[in-house]
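Overview (structure and organization)
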Amino acid sequence: MPSNTSRPNLLLPQLRYADAAALPALLSQPDHVLGIVGYGTGRPAILPAVIPFIQAPLHPVGEVRGFEIWSAATPVRPCRVGAVQGACSEALAFGCISLDETPGVALEDVVEQAYAAIFEFMAQTGFAESIRFWNYLTAILGDDQGLERYRRFNVGRHRAFLAHFQQAMPPAASGVGGLEGDSVIYFLAARTAAQPVENPRQVSAYDYPLQYGPRSPSFSRAGLYEGALFISGTASIVGHETRHCGNLQGQLAETLENLRAVITNAGQTAALADAQGWGLKIYLRDPLFRMQIEPALEAMFGAESQRLYLHGEICRPDLLIEIEAFYAP
Ligand code: 3EB
């Protein structure tokens, strides 16, 4: 058999970004949809009620509504455990939860409980290995009684991970600020673990020094799962310090260098020749940055790569952009 004959890997998820016009066509196999994330939109009326949906508190740039659709190669069934809504295929689980920020309850406790609910969902559905987390926190840079909300978030996540993982490395993640609405967490889990990948240009986030908060952010720079690469939110950070403050092109170049370093460290440089395999989410502090970023991203990942630009708040005030990536062969 010729070596380039590719057979779809039934263990891998598929990712599509879509605007409102493209969504209906992508629902032709609704029983394969693991979950949908909406940006600038609540649940669309055309969505079958069994499909998990969560509205993220970020807005798409250049569209009114944007959708992130995770599908499986095999049919899924809806799963709900406590406050976590999700769906499971043979190989994968998707889940999502809104943070219930009741006044008077500390954010770190809300976050710890949300992660405890996620780990309970994983235990009960049999998907013990978290592969990828997305954390969208409204007012991420806001002060909450003397401690920034992102730092409180990190305290709660750290506690939950310590209780759940003991020694294990945390999975890939994004942590980005939302503009309005509920804070949310969504995730992918599997039956076998992803292999964590770090970036030799950066201090591991879980080893960040105390200047970034009392507890470090629990995430790996990337995870390799069955030949697919989940790259965490990546920014203009070298060592643990922000580079090129106030300089968009400088931050872009440094961020792309970090992405390249992670891809190289994962042994996946060949993936850069396969534009169709890539999905990129680009978080912008200012929606006007999009046109200044698009050419360099197209040059690195190819015009055929999927790119979703989102207006959000990056978790350090001096960062202008953050980019995450998913690659599946
Ligand atoms: C950084 O490298 C930038 O808190 O989950 C990137 C990815 C960032 C994930 C998280 C934060 C998170 O530290 C910020």
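Our subject is the structure listed above.
Some remarks on the nonpolar core
In this structure, Trp70, Tyr115 and Tyr136 are the most contacted members of the largest nonpolar core, which totals 73 residues. The biggest single contributor to this core is helix α2 (residues 107-125), with 9 residues. Excluding its chain neighbours within four sequence positions, the residues that come into contact with tryptophan 70 are Pro13, Gln14, Leu15, Val33, Leu34, Gly35, Phe94, Trp134, Tyr186, Leu188, Phe230 and Phe326. Among the nonpolar cores identified, the runner-up in size contains 30 residues, and Leu256, Leu297, Ile323 and Ala325 belong to it.

A look at the site of the ligand
Looking at the ligand, there are 14 residues lining it, with Tyr150, Arg157, Tyr208, Arg221 and Gly233 nearest. Between tyrosine 208 and the ligand, the recorded distance is 2.7 Å, taken from a side-chain N or O atom to an oxygen atom. A distance of 2.8 Å separates an oxygen atom of the ligand from a polar atom in the side chain of arginine 221. Protein coverage of the free-state accessible area of the ligand, which is 360 Å², stands at 99%. Among the secondary structure elements, those contributing two or more residues to the shell around the ligand are α3 (149-165) and β12 (172-178). With 3 residues, β12 is the largest single contributor of residues to the shell around the ligand. Counted by class, the shell around the ligand contains 7 nonpolar, 4 polar and 3 charged residues.

Points about the packing of aromatic side chains
All chains considered together, the criterion is met by 22 aromatic pairs. Aromatic pair phenylalanine 121 and phenylalanine 187: ring centres 5.7 Å apart, planes at 85°, arrangement edge-to-face. Residue phenylalanine 121 is located in helix α2, and its partner phenylalanine 187 is located in strand β13 (residues 184-190); the two are separated by 66 residues in the primary sequence. The buried category is assigned to phenylalanine 121, whose relative accessible area is 0%. Residue phenylalanine 187 is classed as buried on the basis of its relative accessible area of 0%. Centre to centre, the rings of phenylalanine 133 and phenylalanine 161 are 5.8 Å apart; their planes meet at 50°, and the pair counts as tilted. Residue phenylalanine 133 is located in strand β9 (residues 129-138), and its partner phenylalanine 161 is located in helix α3; the two are separated by 28 residues in the primary sequence. For the pair phenylalanine 133 and phenylalanine 161, one class covers both residues: buried.

About the thresholds
- Residues numbered from 1 in each chain as written.
- Predicted model: local features only at pLDDT ≥ 70, side-chain atom pairs only at ≥ 80, totals over all residues.
- Heavy atoms only, no water.
- Core = buried A, V, L, I, M, F, W, Y, C linked by side-chain atoms within 4.5 Å.
- Buried < 20%, exposed > 50% of the residue type's maximum accessible area, 1.4 Å probe, protein only.
- Helix = DSSP H or I, 4+ residues; strand = E, 2+ residues; numbered from the N terminus.
- Contact = heavy atoms within 4.5 Å.
- Near = heavy atom within 4 Å.
- Polar contact = N/O pair within 3.5 Å; in protein donor to acceptor, adjacent residues only side chain to side chain.
- Areas by Shrake-Rupley, 256 points an atom, 1.4 Å probe, with all protein chains shown as cover.
- Nonpolar A, V, L, I, M, F, W, Y, C, P; charged D, E, K, R; others polar.
- Phe/Tyr/Trp six-rings, centres within 6.5 Å; stacked < 30°, edge-to-face > 60°.

Honestly, that's just the spatial picture; any functional story needs more than this.
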